[in-house]
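Given next are the chains, with one letter for each unit.
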Amino acid sequence: MNFNIPFKNSSRLSHLAESPVPVHGRQKPKASSRITLLVSLLTLGSMLLSACGSSANQSSGSNSFPANASNANGTASASNGETSSAQAADTKLRILSSNVGGKTPEEMKRFEEEIKRLTGIEVTIEKPASDYDQKVLTALGSGEKYDLIEGSDLGKLNMFIDQGVTTDLTDFVQGSKELSDPTVVPTEEWDQLKGKDGHIYAVFSKFQGGTMPIVRKDWLDKLHLQEPKTLDDYYNVLKAFAERDPDGNGKKDTYGLSTSGLYDIQGFMSAAGLKYRYVMKDGKRTIPYASDAAIPMYEWFAKLTKEGILDPNFVTNDTAKMRNLFLTDRVGMITYWDAWVGMLNNTRQEEDPNTSFQAEAVAGAEGPDGKIMLRRGDPDYWMVPANAEHVEAAEKFLEFWHSEPGIILGSLGIEGEDYTKDNGTYTLTETGKEHGMDHGVPFWYNENVKAPFDKLPGVQAAQDLVKQYATLELSLPEWSDAEKIVTNYALKAMSGSMPAADAVKQMQKELKAANLIDE
Amino acid sequence: MLKTWRKYGALYLMMIPVICYFLVYGYYPLARGLQISFQDYRLIGNRPYIGFDNYGTVWHDPNFWKSLTNTLVIGGGSLVCGFLAPLIIALSLNEVLKSWFKKTAQMLLYVPHLLSWVVVGGMWIYLLSPDTGLVNLLLQRTLDIPPVHFLAESGWARVVMILVATWKDMGYNCILFLAGIVAINPSLYEAARLDGATRWQQVRYVTLPQIQSTMKVVLLLNTLGLLRIFDQVFILRNNSTAPDVDVLMYYTYQKGILDFHVGVAAAASVLVLIFTLLLTLIVRKLTRFDEV
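Cut-offs used in this document
Residues numbered from 1 in each chain as written. Chains lettered and ligands numbered in written order. Predicted model: local features only at pLDDT ≥ 70, side-chain atom pairs only at ≥ 80, totals over all residues. Heavy atoms only, no water. Helix = DSSP H or I, 4+ residues; strand = E, 2+ residues; numbered from the N terminus. Buried < 20%, exposed > 50% of the residue type's maximum accessible area, 1.4 Å probe, protein only. Contact = heavy atoms within 4.5 Å. Pairing = 2+ DSSP bridges. Right-handed = clockwise from strand over helix to strand, strands pointing away. Buried area = accessible area lost by both parts, 1.4 Å probe. Salt bridge = Lys/Arg side-chain N within 4 Å of Asp/Glu carboxyl O. Polar contact = N/O pair within 3.5 Å; in protein donor to acceptor, adjacent residues only side chain to side chain. Disulfide = S-S within 2.5 Å. Axes fitted to C-alpha atoms, helices over the stretch in contact; angles between N-to-C directions. Parallel < 35°, antiparallel > 145°, perpendicular 65-115°, else oblique. Left-handed = near helix turned anticlockwise from the far one by under 90°. Nonpolar A, V, L, I, M, F, W, Y, C, P; charged D, E, K, R; others polar. pLDDT = per-residue confidence, 0-100. Phe/Tyr/Trp six-rings, centres within 6.5 Å; stacked < 30°, edge-to-face > 60°. Lys NZ or Arg CZ within 6 Å of the ring centre and 35° of its normal.

**Here's the deal with the overall build of chain B**
Secondary structure assignment for chain B yields 14 helices and zero strands. When the helices and strands of chain B are read in sequence order from the N terminus, they spell out α-α-α-α-α-α-α-α-α-α-α-α-α-α. Projected onto its principal axes, the C-alpha positions of chain B cover 75 × 75 × 30 Å. Considering chain B as a whole, with its 292 residues, one finds that 41% of them fall into the buried category. Of all intrachain contacts in chain B linking residues separated by at least 6 positions in sequence, the fraction that spans at least 24 positions is 65%.

Right, dumping it as structure tokens:
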């Protein structure tokens, strides 16, 4: 989820270095003095502006919030009055984030102040409005110094590790009373954030769920259908959605299924036991979606396309278009994130409290051995860049982020703005309701922190499916090249513009020629 | 020298910001790009020089050559259509006597040029949709043709790219041609008419030769942008048509921004620059641009 918050960046002034201009003759003193005057004015202007900037920073640094630091768990300690200048420097933190923080520039400022109130750390959070990955790359490439950078792609984390961008956090995580606690972050979860050398290079920013088919439960009930379990069940349900007028408007204007490209059809490919991305088999790189076993699955999709059951725009859809089709009664099933089950239900209920709309997550199709395969999403994480200037403050913040005050801040938001607390009872304000209890941490690992409010309808059941069936995918560095080939031919086969057998054959040929698979 | 400085000193001072702008935002990145193309570029840490290795990687990458082919096909098609279509429309509009019609047509043709590719792309994705798109509805209702997924079928992808690009920039080039036509001396037409020239002969022997210089400028400007197509492809591409429409700038974007192989991306950019230079020189030579 990206929120369109205008990018807030600190402006910096650079001084213009000028070489002396050689001039001759009688006019020399006059011309020279003019240039000198101009340069002096420019320099003076720059200095004045710089001074204003510093003074503004200083004043914001010495605001009225006490530099206190104790939170509920007592984890993040505060700087006190005896803080030395070196320590004071380390209570600053510059963060580049894609999700964490306020929803508007004004709220972001209050978010930063709230962190300072809770931890004593003076934080600056920069949240680009768009093109986050580009911003990260240009910031790192140009030598900008951040203390924490948020990421959400394990493939990219591996590239960052390879390029020496990230700090090894193994000692910190293992030595941290908070983070090494398996009730705060389950021990096995750390494997996701390890490099090839087995060291930990990042810390989770929230709990990331997974994706699965999401069905219109009210349509199922209306058409007296059972939740699908096998691929044949899925076909029957989707066909009924497309042909039996589930929205009751007397028109044949609904589709059974919509997806966004190849994005998460894992729940269906599960029927053939096929996992997305790479799977290592006897030390060899294989891509199950490019294997012969995938042919019947692509043929199944092609059949859906041919019979008008699958939304024909699935190749060009983005996820927003897919969700809109679902929300506007045009399609009975989509494939998307667990958290969105709740958001879809909530959106329709806010529009019409009497709506019969009911989105529900369903487990994918059973494989030949009865096994179901869903996709666990790549986790969101914090990394400390190798050029970070305030590593200690970053580590302190990471511990805070996984403690109760950090989790409440990252989910509910700012006390007094997003919620109020009275005798331990939380109440969301109108602003808080608008913000949907998500300031970067809609869900978390820490089992000791109980959610102040119930999850949105349908989310818990979806998350239970993730926990039961979803596994992470293996993303090797060459996947971005392989993915282009796989998706290209898979989409052609699914849309029926190429026979599935030919598509898979061509896929295998190109993947082998480019040395992207071993088998 | 001193006299000149005294006389034009203020103007030279005014030029300083412009020169600084080009040095900082034009030539410095160019020089840095060239430097990076010879480095094993890491985001943080050492960046050792590795000679021509990045160029070798690009040269031996089949995706680069596939992207070059796509660029030449899509860019070349857009160049030809984007040159001929506005020329024909400008000549036609010149024949229209009703000035309100001429102005309205000009305005309507120019509007797409003002829109960003995000808007234009989104609009055409919607218009070309196989179920609710206007184009398919018209084809179905008038010619009984089953829905065509223009943006998902390889055969159509490049054609759509060329036509949409031509549609978007037609108004701009049309105005350049019309400006050239307006500047033609009316006595030439009068002389032609006295010689008994028909409307077509007036166009053929007066208008076209007289706007030759404008045509050369438009052609050269469009050639300069031929290898730099990006926004359109970024918006309209999808994984199904990627092998047919991914162009050189997208290749650079993918290598640099998505895959973090900045050195390889820089090498590809330098090659694009060299290709553009060669292409421009060829067009200059062929059109005898210096004789404008």
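**Remarks on the overall build of chain A**
From N to C terminus, chain A includes 18 helices and 15 strands. Looking at the 519 residues of chain A, the share that counts as buried comes to 51%. In chain A, of all internal contacts separated by at least 6 residues, the share reaching a separation of at least 24 is 75%.

**Brief notes about the pairing of strand E2 (residues 122-126) of chain A**
Note on strand geometry: in a regular strand, side chains alternate between the two faces of the sheet. Residue and element names in this part refer to chain A. Of the strand pairs in this sheet, strand E1 (residues 92-96) and E2 are connected by five bridges, and their pairing is parallel. Pairing of Lys 92 across the sheet is with Glu 122, part of E2. Crossover connection from E1 via helix H3 (residues 105-119) to parallel E2: handedness right-handed.

**Structural notes on the interface of chain B and chain A**
With 32 residues of chain B in contact, the opposing surface of chain A contributes 34 residues. Taking both partners together, chain B and chain A bury about 3000 Å²; carbon and sulfur atoms supply 58% of that area. The largest share of the area that chain B buries against chain A comes from Leu 43, Ile 44 and Phe 260 of chain B, three residues that together contribute 23% of it. For the pair chain B and chain A, the number of links is two salt bridges. For Lys 484 of chain A, the salt bridge identified is with Asp 246 of chain B, shortest N-O distance 3.0 Å. In this structure, the connection of chain B to chain A is made through 15 residue pairs in polar contact (both at pLDDT 80 or more). Where the side of chain B that touches chain A is concerned, the elements lending two or more residues are helix H1 (2-36) and helix H13 (248-258) of chain B.

**Concerning the pairing of strand E13 (residues 419-422) of chain A**
Residues and elements named next belong to chain A. Taken together, the four bridges between E13 and strand E14 (residues 425-428) define a ladder with antiparallel strand orientation. Of the residues in E14, the one forming a bridge with Tyr 419 is Leu 428. In this structure, the hairpin formed by E13 and E14 is closed by a connection of two residues, where Asn 423 is found at a positive phi of approximately 50°.

**Notes on the state of the cysteines**
In the structure shown here, the tally under the stated rule is zero disulfides over all chains. Counting only cysteine sulfurs, Cys 174 of chain B is the nearest neighbor of Cys 81 of chain B, a cysteine outside any disulfide, at a range of 15 Å.

**Observations concerning the sheet that holds strand E12 (residues 381-383) of chain A**
Residues and elements named next belong to chain A. Pairing within the open sheet is mixed, and its five strands lie in the order E2-E1-E3-E12-E4. Two strands close off the open sheet at either side, each with one partner strand: E2 and strand E4 (203-204). Here E4 pairs with E12 via two bridges, running antiparallel. Along E12, the bridge assignment pairs Phe 204 with Tyr 381.

**Considering the packing of helix H8 (residues 186-194) of chain B against helix H9 (residues 199-210) of chain B**
All names here are of chain B. It is at 10 Å that the axes of H8 and H9 come closest, and there the two elements cross at 160°. Put simply, H8 runs roughly antiparallel to H9. Like other packed secondary-structure pairs, H8 and H9 cross with a definite hand, here right-handed. Contacts from Leu 188, Tyr 189, Ala 192 and Arg 193 of H8 reach H9 at Gln 202, Val 206, Thr 207 and Gln 210. Its residues assigned to classes, the contact of H8 with H9 shows four nonpolar, three polar and one charged.

**Points about the confidence of the model for chain B**
Residues and elements named next belong to chain B. Across chain B, pLDDT averages 90, with 99% of residues at or above 70. Looking across chain B, the model is least confident in helix H4 (residues 99-114), with a mean pLDDT of 89, and most confident in helix H2 (residues 53-59), with 95. Reported confidences for the modelled complex are a pTM of 0.77 and an ipTM of 0.77.

**With respect to unusual backbone geometry**
Positive phi values are uncommon outside glycine, yet Asn 515 of chain A reaches one of about 55°. Checked against the element boundaries, Asn 515 of chain A lands in the segment after helix H18 (500-513). Judged by its relative accessible area of 52%, Asn 515 of chain A is exposed. Its identity as a non-glycine residue notwithstanding, Phe 260 of chain B has a phi of 65°, on the positive side. Relative to the assigned elements, Phe 260 of chain B resides in the loop between H13 and helix H14 (262-287).

**Quick notes on the pattern of salt bridges**
All names here are of chain A. With the rule as written, the count across this model stands at 30 salt bridges over all chains. Asp 153 is the salt-bridge partner of Lys 156, the closest N and O atoms lying 3.8 Å from each other. A salt bridge links Lys 206 to Asp 380, with the nearest nitrogen and oxygen atoms 3.4 Å apart. Of this pair, Lys 206 sits in the loop between E4 and strand E5 (210-216) while Asp 380 sits in the loop between strand E11 (374-376) and E12, and the two are 174 residues apart along the sequence. Look at Asp 380 and you get buried, because its relative accessible area is 3%. By sharing partners, the salt bridges in this structure join Arg 94, Glu 126, Lys 135 and Glu 144 into a single network.

**Some points on the packing of aromatic side chains**
Evaluation of the coordinates by the stated rule reveals 39 aromatic pairs over all chains. Where Trp 382 of chain A meets Trp 401 of chain A, the ring centres are 6.1 Å apart and the plane angle is 80°; that geometry is what we call edge-to-face. One end of the pair, Trp 382 of chain A, is in strand E12; the other, Trp 401 of chain A, is in helix H13 (residues 391-401), with 19 residues separating them in the sequence. With respect to burial, Trp 382 of chain A and Trp 401 of chain A carry one shared label: buried. In this structure an aromatic cluster arises from ring pairing among Trp 59, Phe 64, Trp 65, Tyr 251 and Phe 275 of chain B. The ring of Trp 340 of chain A has Arg 323 of chain A lying over it, and the distance from NZ or CZ to the ring centre is 4.0 Å. Over the aromatic face of Tyr 489 of chain A sits the side chain of Lys 492 of chain A, whose NZ or CZ is 5.9 Å from the ring centroid.

**Looking at the environment of Tyr 426 of chain A**
Residues and elements named next belong to chain A. Inspection of the secondary structure assignment puts Tyr 426 in strand E14. Its relative accessible area of 16% is what places Tyr 426 among the buried residues. Sequence separation between Tyr 426 and Ile 309 is 117 residues; the distance between their C-alpha atoms is 46 Å. With residues near it in sequence (within four places) discarded, Tyr 426 still touches Glu 404, Ile 408, Leu 412, Tyr 419, Thr 420, Lys 421, Pro 452 and Phe 453.

**Quick look at the confidence of the model for chain A**
This prediction gives chain A a mean pLDDT of 83; 83% of its residues lie at or above 70. Predicted confidence is poor over residues 1-33 of chain A, with pLDDT under 50, and the contacts of this stretch with residues over four places away or in other chains come to 47 contacts.

**Overview of the environment of Tyr 336 of chain A**
All names here are of chain A. On the secondary structure map, Tyr 336 appears in strand E9 (residues 331-337). Look at Tyr 336 and you get buried, because its relative accessible area is 7%. Spatially, the C-alpha atom of Tyr 336 lies 8.3 Å from that of Thr 319, the residues being 17 residues apart in sequence. In this view, Tyr 336 contacts Gly 210, Thr 211, Met 212, Ile 214, Tyr 263, Thr 319, Met 322 and Arg 323; residues no more than four positions away in its chain are not counted. Polar side-chain contacts of Tyr 336 include one of 2.9 Å to the side chain of Arg 323.

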